[in-house]
Structure formats: structure tokens, C-alpha cells
Amino acid sequence: MDDLQTARVIIGSYTESMPHVEGKGKGVSLLSLDLKTARFEEVAAFEAIRNPTYLAQGQDGRVLYAVEEVDDEAQAGVVVLQIDGDGGLKLAKRVSARGSAPCHVTLDRSGERLFVANYGSGSAVAYGLDHQGLPNDDEVMVIQRTGSGPVTDRQEGPHVHQVLVMPGDRHVLVCDLGTDEIARYAFGDQGIGSEPDVVLHVSGGSLPRHIVCSQDGRRLYVAHEAACTVGAYAIEGDNFTLLSETSTVPADFAGTSSCAAIKIHPNGRFLYVSNRGHDTIVACEILADGGLRTLGWYPTMGRTPRDFAIDPTGRCLIVANQDSHSLVCFEINGEHGTLTTIGEPFEIGSPVCVLFA
């Protein structure tokens, strides 16, 4: 790691305990990372926020969006923060998430719309943004999903876990863990359509959690939380064709694990998934036909790796170990896709989202 020596990293963490997590975090933390030694230092923190479990940043790097994952629909919100030149964080606006337990937030490529996934209420929300990047309360659309799945304690109803804007900004994909469906909605100047135009049904009880598209929009990869597999699909117009399904854990693993995050390397050649329970990052090569070849499993030096992020240059990967309260940095071999841990784990309370500023 020669050229750029430092990077800014933003972390979202649980501030309050929930049935699945012990909340020890500050909220939103801005860190400095020495890319040569993998040493982290805190620059700033914004603590007047509850359970900011997913983050997204505006194109100019000055606006940060966070969802507050709380079960009470009246209190669950989307918080907009401004980042000043010195790295300070201050509140710009807070709006309702229009649902309960929001767990994901993202923007379209123009920076004109903000999308929120509400896990608890099973809805997807689209907010229009003004010229300052602030959500417009008068320009909002709520897509309420319906249905259920065979896993009665997890799929009693819809649970939207992610909204993904597809390359080209003509469609969005809504990943619904509760119904084992990925629904495609038309997207344009008037917002998103009220009904899906395509619905992809994955294996029953597999719990599709997170999805990612190739840069050209011709491939879709789905991380199935319960099945611990990645489904690779070819996209041709309105058709989604399954190419392969790859396990995220070794064949001889007998323990309990579940998938969390899925990301593609900036060079488009490698794909990574975090395994909670097996406590690894699995690395895969993306083959010419879009299928996957497993390269190996890399222990995260902690428990329950949730989210992770790859820096824009593709040189390093940072993983958030939720239950051991730490961040760990890996160096990525850009030629082979393998990972090597560098530095020591950085102690931080209940980290669950990682974002390179």
C-alpha cells in the first residue's frame, strides 16, 4: 500500500441493545486509517442518534445519511448529517423512516433520491432530495410489500432488507427476506412504480438478505442469509436466469452460520461475503460466465462479522465484528483476490456498518 497513506472511514454502530445484539456503540464515528500500518484513530463522533445501522454518503462527500434501527415506527428515522472540512459531524435534518426497524439506506447515482429499506414493517421508501441533499417531506413514496415464507419465526411477513438501484437508474430491486423474493420496480422521473414488473423467487426459506449487481448490470449476486449461499444470476432484459449457487461456508462446517454483507471488488473480478458464526470473509472469483469459484475463507479475528467495505482503490477491506466490538483490516491481493490481515483489531462498540468517506 504505497501511494495514498491515509483514508477516512465512517462507522455506524448499535447504541442500544436489541434481542440479537448488545449495543455498546457511540452512534456514528468518523475514523482516520493509516493504510500502511492499519491503525485507526477517532476523528469525530455523532452520538445524538439511535442505532445507526446503515449509512450512505452523498456524492460531494459532505452529506451522510443514517437509518435508526428501532422497532417503534413512530421513532424510527432517517438522520442526515453534514461533514465539515475538519471532519466534524452535525445534524442537518431528521425525517421519519415511514416504517419500523429500517436497516438499509442508499441513493441513486444522480443523488436526487434516497431509498430506505424497512425490515420490521416490510416496506421500501423513496425520498426526493433537494439541492442540498435533504429529504423532501412532500416527495415521498412508500411501497408496502406483502406475503410470507416457510420459516415461521423469520418469515411471518415481508421484511425488506435492501433496496438496490440497478446500473442505468431505470429500475430498483427490493430484496425481501420475508418472502424469499427480489422484486424489480420501474424507476424514473416520477419515482418508483407502485407494483413490480418482475419478481425473482429464490429457494424457499433461504432468506435473501443483500444483493449486488455487476457494473454492467448483466449479473446479479444474492446472499442468502439462512442458506449460506450466493446465487449468481444472468440478467437479460426482463429475465433473471440462475447460473450457479455457491456455498459461503466450507462443506465440512457443522456449526451455525448466516450470511450478512456481499460486495464486489472495484476491478469486477472478485466477490466477498461475510459469514456470521463461521466468522469469516469468503472470497470468490467471478468467472467469465458470471459463475463463482471459491478462493478461500479468511477469519475476521472477531465474532459476528456484519458489514464490510472495500476502499475505492481496491487495496484494503475493513470488516465490522459486531459481537467482539472491533474492526479488522485486510490487504487485498488485486491479482488473486486473496486477503491478508494487517495491523491489530481496533476496539469500537457494536460496529455494524463500514463506509469509506
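Data block above holds the structure.
## Looking at the pattern of salt bridges
- Considering all chains together, one arrives at 16 salt bridges under this definition.
- In this structure, Glu285 and Arg293 form a salt bridge, with 2.8 Å as the shortest nitrogen-oxygen distance.
- What makes Glu285 partly exposed here is its relative accessible area of 22%.
- Each of Arg154, Arg209, Glu225 and Arg276 takes part in a single network of salt bridges with overlapping partners.

## Some points on the pairing of strand E23 (residues 280-286)
- Of all the seven residues making up E23, six are buried; the element is thus mostly covered by neighbouring parts of the structure.
- Sheet topology note: the strand E22 (residues 270-276)/E23 ladder contains six bridges and is antiparallel. Counted as the bridge partner of Tyr272 is Ala283 from E23.
- Linkage of E22 to E23, two consecutive antiparallel strands, is achieved through a turn of three residues, within which Gly277 is found at a positive phi near 120 degrees.
- Here E23 runs beside strand E24 (residues 292-299); their pairing, made up of seven bridges, is antiparallel. Residue pairing across strands places Cys284 opposite Thr294, the latter belonging to E24.
- Counting the residues in the hairpin turn of E23 and E24 gives five residues, including Gly290, whose phi is positive at 95 degrees.

## Concerning the pairing of strand E6 (residues 77-83)
- Counting buried residues in E6 gives six out of seven residues, a clear majority hidden from the surface.
- Summarising the sheet, strand E5 (residues 63-68) and E6 pair through five bridges and their orientation is antiparallel. Residue Leu64 lies in a different strand from E6, and its bridge partner there is Leu81.
- Where E6 and strand E7 (residues 89-96) come together, seven bridges link them in antiparallel fashion. Across the sheet, Val78 pairs through a bridge with Val95, a residue of E7.
- Linking two consecutive strands that pair antiparallel, namely E6 and E7, is a turn of five residues; a positive phi of about 90 degrees is found at Gly87 within it.

## Points about empty space enclosed by the protein
- Scanning the entire structure with this criterion turns up one cavity of 30 Å³ or more.
- Of the pockets and cavities examined, the largest cavity occupies roughly 90 Å³.
- Looking at the largest cavity, the residues that line it are Thr53, Tyr54, Cys103, His161, Arg209, His210, Ala260, Ala261, Arg306, Asp307 and Val352.
- Class assignment for the residues of the lining of the largest cavity results in five nonpolar, three polar and three charged.

## Some remarks on the nonpolar core
- By size, the foremost hydrophobic cluster in this structure holds 34 residues, and its most contacted members are Ile10, Val28, Leu55, Leu64, Tyr65, Val105 and Leu114.
- Val160, Val163, Tyr185 and Phe187 belong to the second largest nonpolar core, which has 19 residues in total.

Conventions adopted
- Residues numbered from 1 in each chain as written.
- Predicted model: local features only at pLDDT ≥ 70, side-chain atom pairs only at ≥ 80, totals over all residues.
- Heavy atoms only, no water.
- Salt bridge = Lys/Arg side-chain N within 4 Å of Asp/Glu carboxyl O.
- Buried < 20%, exposed > 50% of the residue type's maximum accessible area, 1.4 Å probe, protein only.
- Helix = DSSP H or I, 4+ residues; strand = E, 2+ residues; numbered from the N terminus.
- Pairing = 2+ DSSP bridges.
- 1 Å grid on protein atoms, 1.4 Å probe; cavity = no way out; pocket = protein on both sides within 12 Å on 5 of 7 lines; lining within 4 Å.
- Points joined across faces, edges and corners; volume = space filled by probe spheres on them.
- Nonpolar A, V, L, I, M, F, W, Y, C, P; charged D, E, K, R; others polar.
- Core = buried A, V, L, I, M, F, W, Y, C linked by side-chain atoms within 4.5 Å.

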